[in-house]
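Descriptive structure summary
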Amino acid sequence: MLLTDIGANLAHESFAEDLDAVLERADAAGVSRLIVTGSDLASSRAAIDIARAHPGRCHATAGLHPHHAEDWDEPLAGLMRRAASGGDIVAIGEAGLDFFRDISPRAAQERVFAAQLEIACEHGLPVFLHQREAHARFLPILRDYLPDLPRAVVHCFTDDGDALDAYLAEDLHIGITGWICDERRGAELHDIVDRIPDDRLMIETDCPYLMPRTIRPKPRTRRNEPANLPWVLQTVAEARGQSPEAVAAHTHANAARFFGLTDAG
Ligand SMILES: [Zn+2]
């Protein structure tokens, strides 16, 4: 059983000391491919470096998380364009809107979201999207670009059934994290995850965040890592009434198609 973790923040400082061991544990757990998330200039650069150091295994994205929208500048836009042209990244993002934490002004978030969608369209790259408590603005902005975007995934989907239905109606892909393993805040997601068609579902850890609460024995660390992806798989499979093997096969194949990965793995 092979898995792809489509959201691994391996450029996060918490992985700086032991990345090789983290990747070895991922491999042992069947997580054969990782999409390393870029969420600002430094982490996008680092994600590209990690992908170069682990060809065929790690692939990078480059983008600016809405929390950092005020950091949008020409060096980052330039890096994204060069990386896209040079084949150094497999998607633009993480990009989107976060009105839950509202760390950056909403107007800046919206402007920077659109600017990144524009770059993805120019280069024909898929987008890796973040939306939290911002569905009402997110979809209208995204819709303007969808005709020119090859594919889009709403990563770490945590919204309600109406938002899910709206995304599926636009033919978006949906990324599910360990949020679904949380018996309280993940309860609604658990109930609606079976609405996602087999060919639109992908799974992710969003590590080092979102440690699955179903892990037994309970981990001693709070740092989540790609090797924990099978716990997400397990809960998603149960909630969908499918076997873990079937969900693994679908999500792994979807990730390969979505990110345009042709290498073995
Ligand atoms: Zn996110």
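Everything numeric here is computed off the predicted structure, so don't read it as measured data.

1. Notes on the UniProt feature "binding site: a divalent metal cation 2" (unreviewed entry) in the chain
The sites that carry the UniProt feature "binding site: a divalent metal cation 2" (unreviewed entry) are, in the present numbering, H130 and H155. Across 26 residues in sequence, these annotated residues keep their C-alpha atoms within 5.7 Å of one another, forming a single compact spot. Checked against the element boundaries, H130 lands in strand β5 (residues 127-132). Judged by relative accessible area, which is 12%, H130 ranks as buried. Residues in contact with H130, not counting those within four places in the same chain, are H65, P66, E94, A95, G96, L97, D98, F138 and H155. When you line up the elements, H155 lands in the loop between β6 (152-154) and α6 (161-169). Residue contacts for H155: discarding those within four places in its chain leaves E94, F128, L129, H130, G175, E204 and D206.

2. A few points about the pattern of salt bridges
Applying the stated criterion across every chain, the model contains 17 salt bridges. Between R106 and D102 there is a salt bridge; the shortest N-O distance is 2.8 Å. Residue class for R106 comes out partly exposed when judged on its relative accessible area of 41%. For E183, the salt bridge identified is with R213, shortest N-O distance 2.8 Å. In this pair, E183 is assigned in the loop between β7 (173-176) and α7 (187-192) and R213 in the loop between β8 (201-203) and α8 (229-240), connecting sequence segments 30 residues apart. Each of D182, E183, R184, R185 and R213 takes part in one network of salt bridges that share partners.

What counts as what
Residues numbered from 1 in each chain as written. Predicted model: local features only at pLDDT ≥ 70, side-chain atom pairs only at ≥ 80, totals over all residues. Heavy atoms only, no water. UniProt positions renumbered as here; feature names shortened; annotations may be inferred. Helix = DSSP H or I, 4+ residues; strand = E, 2+ residues; numbered from the N terminus. Buried < 20%, exposed > 50% of the residue type's maximum accessible area, 1.4 Å probe, protein only. Contact = heavy atoms within 4.5 Å. Salt bridge = Lys/Arg side-chain N within 4 Å of Asp/Glu carboxyl O.

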